[in-house]
Amino acid sequence: MVQDNMQHVKEDAFTLAKKIEDLEVSKRKLLGVGLEPCPIDELKQLENQLERSLTRIRSRKNHLLREQIQKLKGEEKILLEENTRLREKVVQCGMQPHELSSTKKNPQPLEDRRVMEVETELFIGPPETRLPPKP
């Protein structure tokens, strides 16, 4: 009984080792390694499998991009509504919003906005070392 069980375990181990080896060979072929001995029919089958996989990958990627676009459009709508509400609040308070009429009618894309350069100085060390040298 124990020997039969051991024989069964050995057969299972051998079968699993063979399956692992087959999967590794298949993986190498999918990566384009070790294709030299493959006949043309196997190469065509491998190519078709890769094309189907690529189609599924692209489909999933496009689906995720569409979801992301919809989410961003929703966020944009919320921000535009909040911007409008804040502009109305500024007007109600009697303040003059900065360039309200021009930005509301013709909002500038981020890349068209002017960049102001500010020169700063960085001092490292205790405060007494930050003082400029005496003439």
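Bear in mind the structure is a predicted one, so any value in this text is a computation, not a measurement.

A. Representation of the overall build of the chain within the structure. Regarding its fold elements, the chain presents 3 helices and 0 strands. Tracing the chain from N to C terminus, the helices and strands come up as α-α-α. Residues counted as buried form 4% of the 135 residues belonging to the chain. Approximately 13,400 Å² of the chain is accessible, and the part contributed by carbon and sulfur atoms is 58%.

B. Fine view of the confidence of the model for the chain. Per-residue confidence for the chain gives a mean pLDDT of 84, with 70% of residues at or over 70. For the chain, helix α3 (residues 100-105) is the element with the lowest average pLDDT, namely 50, and helix α2 (residues 40-92) is the one with the highest, namely 95.

C. Local environment of helix α1 (residues 2-30). With 29 residues, α1 ought to run about 42 Å at 1.5 Å a step, and its terminal C-alpha atoms sit 42 Å apart, in line with that. Looking one or two places after α1, you find G32, whose phi comes out positive at around 85°.

D. Seen up close, the side chain of K29. In this structure, K29 sits in helix α1. There is a polar contact of 2.3 Å between the side chain of K29 and the side chain of E42. Once you skip the residues sitting within four places of it in the chain, K29 turns out to touch L35, C38, E42 and L46.

E. View of the pattern of salt bridges. Tallying each qualifying case throughout the model produces 3 salt bridges. Among the salt bridges present, the one from K18 reaches D22, with a minimum N-O distance of 3.3 Å. Taken as a pair, K18 and D22 lie in helix α1 at a separation of 4 residues, close to a single helical turn. Residue K18 is classed as partly exposed on the basis of its relative accessible area of 46%. For D22, a relative accessible area of 40% puts it in the partly exposed group.

F. Looking closely at the environment of E67. Looking at where E67 falls in the secondary structure, it is placed in helix α2. Of the residues examined, E67 reaches a relative accessible area of 42% and is grouped as partly exposed. A polar side-chain atom of E67 sits 2.8 Å from a polar atom in the side chain of H63.

Cut-offs and rules
- Residues numbered from 1 in each chain as written.
- Predicted model: local features only at pLDDT ≥ 70, side-chain atom pairs only at ≥ 80, totals over all residues.
- Heavy atoms only, no water.
- Helix = DSSP H or I, 4+ residues; strand = E, 2+ residues; numbered from the N terminus.
- Buried < 20%, exposed > 50% of the residue type's maximum accessible area, 1.4 Å probe, protein only.
- Areas by Shrake-Rupley, 256 points an atom, 1.4 Å probe, with all protein chains shown as cover.
- pLDDT = per-residue confidence, 0-100.
- Expected span 1.5 Å × (residues − 1).
- Polar contact = N/O pair within 3.5 Å; in protein donor to acceptor, adjacent residues only side chain to side chain.
- Contact = heavy atoms within 4.5 Å.
- Salt bridge = Lys/Arg side-chain N within 4 Å of Asp/Glu carboxyl O.

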